[in-house]
Amino acid sequence: MKRKTKTPGVAVTVAVVSACALSASPALASDDAHPLGAYDIIAPPTLKPGNLGVLSAQNEQKNPYDVINAAAARDPITVTRLRGNINLLQGSGGNIGVLPTGDHGAFMVDAGVAVSRQKMEKTLKNLGVSHIGDLVNTHWHFDHTGGNSWAHEYGARIIATPNTLRDLSSTIRVEEWSHTFTPIPPSARPTVTVSSEKTFSAGDQPVQLRPYSPPGHTNGDLSAYFTKTNVLFTGDTYWNGLYPFIDWETGGSIDGMIQDANQNIAMVDANTIVVPGHGPIGKRADLVQYRDMLVSIRNRVADLKHQGLTVEQIVAAKPTQPFDAKWGQGLIGPDLFTKLVYRGV
């Protein structure tokens with residue numbers, strides 16, 4: 001890992017636009033129309049990969065940082081009503097959760113990419129949000145934390161794990177993305193850190209925040225579970241229908257991803273709405289399929305590596321092939337995922 005800690009005076013390389021005030025909008029429909037188990041589309045999404053925070057595998061050889069930013073600048077923000085007035089926003093990098101809580105300000109899970117600021121402001125206004133109370137960063141990656149700066153301007157208290165705070169305060173080179181991330185401004189960094197399970201309040205809804213251990217996707221992943229309405233946000237420990245990125249530069253590994261997947265399965269039941277970091281919402285059965293896919297590919301790559309094959313030979317052997325049709329159509333293609341798994345076995 002290449003890291004320089006707390007480099008002064010260096011801002012994150014994302015676009016920043018001027019602030020504009022959010023005003024209240026008409027109240028949303030009563031939750032009585034949305035019983036447990038139901039959800040609806042407020043703004044019908046165009047079902048293309050960009051709206052799910054990923055892009056087609058043909059972009060694998062391109063710089064993901066530029067590809068994701070371009071998609072976020074181009075695509076609309078779509079809104080899916082879940083339960084208890086919790087909303088899923090897609091189209092700005094990773095998936096975003098928003099629970100309007102009136103005078104207390106919205107409770108948000110992740111903030112997307114910075115270039116989506118104006119579209120995010122308009123979407124929040126349409127949801128009746130005038131300010132933000134709490135913002136949870138599920139991990140440090142820019143497609144989940146790029147909106148920290150403008151969210152802070154709207155009053156957000158930013159919550160994350162200690163490692164996420166450290167990573168956002170550091171210079172980190174992500175080789176697979178051919179990009180060096182520099183420290184974000186101090187005002188955009190988390191001010192509340194969670195190192196063990198802790199429950200926060202979002203209006204009348206408790207939100208259980210739980211750090212993942214061991215490191216899986218990164219060294220600072222955090223889940224947000226709305227216990228009253230049984231809605232779980234997993235961050236990037238779960239990618240629904242997609243091969244995940246494993247950030248080995250900050251401690252991620254395939255074995256950690258598998259253990260984190262098992263923790264997600266243990267937290268949910270058949271009625272839980274599971275919101276991944278990328279991809280459509282899922283349920284417990286989808287988490288099990290995801291975990292089983294990770295285990296199978298991990299074992300295939302490990303067997304080939306133990307036979308003495310090089311990473312190039314293992315990629316050529318296509319150990320992911322049985323799963324590619326379902327999982328290999330996203331930004332992380334089969335070859336890159338094989339290389340990421342190889343590093344951890």
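Calculation criteria
Residues numbered from 1 in each chain as written. Predicted model: local features only at pLDDT ≥ 70, side-chain atom pairs only at ≥ 80, totals over all residues. Heavy atoms only, no water. Helix = DSSP H or I, 4+ residues; strand = E, 2+ residues; numbered from the N terminus. Buried < 20%, exposed > 50% of the residue type's maximum accessible area, 1.4 Å probe, protein only. Contact = heavy atoms within 4.5 Å. Areas by Shrake-Rupley, 256 points an atom, 1.4 Å probe, with all protein chains shown as cover. Polar contact = N/O pair within 3.5 Å; in protein donor to acceptor, adjacent residues only side chain to side chain. Pairing = 2+ DSSP bridges. Right-handed = clockwise from strand over helix to strand, strands pointing away. Salt bridge = Lys/Arg side-chain N within 4 Å of Asp/Glu carboxyl O. Core = buried A, V, L, I, M, F, W, Y, C linked by side-chain atoms within 4.5 Å. Axes fitted to C-alpha atoms, helices over the stretch in contact; angles between N-to-C directions. pLDDT = per-residue confidence, 0-100. Phe/Tyr/Trp six-rings, centres within 6.5 Å; stacked < 30°, edge-to-face > 60°. Lys NZ or Arg CZ within 6 Å of the ring centre and 35° of its normal.

## Here's the deal with the overall build of the protein chain
Part 1: Within the protein chain, the regular secondary structure consists of 10 helices and 16 strands.
Part 2: Put simply, the protein chain has 345 residues, and 56% of those count as buried.
Part 3: Counted over contacts in the protein chain with a minimum sequence separation of 6, partners at least 24 positions apart contribute 70%.
Part 4: If you sum the accessible surface of the protein chain, you get close to 13500 Å²; carbon and sulfur atoms cover 52% of it.

## Here we look at helix α1 (residues 64-74)
Part 1: Here α1 has its buried residues at Pro64, Tyr65, Val67, Ile68, Asn69, Ala71 and Ala72.
Part 2: Contacts from the buried residues of α1 go to α2 (117-126), α3 (142-145) and β10 (179-181).
Part 3: Between the side-chain oxygen at the start of α1 and the backbone nitrogen of tyrosine 65 there is a gap of 2.8 Å, and the oxygen is on asparagine 63.

## What to know about the pairing of strand β7 (residues 132-136)
Part 1: With 5 of its 5 residues buried, β7 lies for the most part within the structure.
Part 2: Here strand β6 (residues 106-109) runs beside β7; their pairing, made up of 4 bridges, is parallel. Residue alanine 106 lies in a different strand from β7, and its bridge partner there is isoleucine 132.
Part 3: The handedness of the β6 to β7 crossover, carried by α2, is right-handed.
Part 4: Relative to strand β8 (residues 157-160), β7 runs parallel, the two sharing 3 bridges. Across the sheet, valine 136 pairs through a bridge with isoleucine 159, a residue of β8.

## Considerations on the pattern of salt bridges
Part 1: Under the definition given, this model contains 11 salt bridges.
Part 2: For arginine 157, the salt bridge goes to aspartate 134, with nearest N and O atoms at 2.6 Å. In this pair, arginine 157 is assigned in strand β8 and aspartate 134 in strand β7, connecting sequence segments 23 residues apart.

## Quick word on the nonpolar core
Part 1: Counting 49 residues, the largest nonpolar core has Tyr290, Met293 and Phe337 as its most contacted members.
Part 2: Of all the elements in the fold, those that place two or more residues in this core are α1, β9 (170-174), α6 (254-267), α7 (284-306), α9 (321-327) and α10 (334-342).
Part 3: In terms of residues, this core owes the most to one element, α7, which gives 8 residues.
Part 4: Excluding residues within four positions of it along the chain, phenylalanine 337 makes contact with Tyr243, Pro244, Ile246, Ile254, Met293, Leu294, Ile297, Thr320 and Ile332.
Part 5: Counting residues in hydrophobic clusters, the runner-up holds 21 residues, among them Ile86, Ile159, Phe200 and Ile273.

## Considering the sheet that holds strand β15 (residues 231-233)
Part 1: Read across the open sheet, the 5 strands follow the order β12-β13-β14-β15-β16; overall the sheet is mixed. Sheet topology places β12 (198-202) and β16 (273-275) at the edges, where each strand pairs with a single neighbour. Direction aside, the axes of adjacent strands within the sheet are offset by 20 degrees on average.
Part 2: The sheet contact formed by β12 and strand β13 (residues 205-211) spans 5 bridges and is antiparallel. Paired with threonine 199 across the strands is glutamine 208, a residue of β13.

## Side note on the confidence of the model for the protein chain
Detailed reading of the predicted coordinates is not advisable wherever pLDDT falls low.
Part 1: Predicted confidence across the protein chain gives a mean pLDDT of 86, with 82% of residues reaching 70 or more.
Part 2: With pLDDT under 50 throughout, residues 1-61 is counted as low confidence; its partners more than four residues away or in other chains account for 141 contacts.

## Remarks on the packing of aromatic side chains
Part 1: The final tally for this structure, using the stated rule, is 13 aromatic pairs.
Part 2: Ring centres of tyrosine 65 and phenylalanine 181 lie 5.6 Å apart, and the angle between their planes is 75 degrees; on these two criteria the pair is classed as edge-to-face. A residue pair is termed long-range when its members are at least 10 positions apart, and tyrosine 65 in helix α1 and phenylalanine 181 in strand β10 qualify at 116 residues. The exposure classification of tyrosine 65 matches that of phenylalanine 181, with both residues buried.
Part 3: The interplanar angle of 70 degrees and the centroid separation of 5.1 Å between the aromatic rings of tyrosine 238 and tyrosine 290 together place this pair among those described as edge-to-face. In this pair, tyrosine 238 sits in the loop between β15 and α6 while tyrosine 290 sits in helix α7, placing the two residues 52 residues apart along the sequence. Accessibility assignment for this pair places tyrosine 238 and tyrosine 290 in one class, buried.
Part 4: Within the aromatic cluster, the residues linked to one another by ring pairs are Tyr65, Trp140, Phe142, Trp177, Phe181 and Phe245.
Part 5: Over the ring of tyrosine 342 we find lysine 305, and its NZ or CZ is 4.3 Å from the ring centre.
Part 6: We note lysine 326 situated over the ring of tryptophan 327; from NZ or CZ to the ring centre the distance is 5.0 Å.

## Comments concerning the environment of glycine 93
Part 1: Relative to the assigned elements, glycine 93 resides in the loop between β4 (87-90) and β5 (96-99).
Part 2: Its relative accessible area of 5% is what places glycine 93 among the buried residues.
Part 3: A C-alpha to C-alpha distance of 10.0 Å links glycine 93 and aspartate 110, two positions 17 residues apart in sequence.

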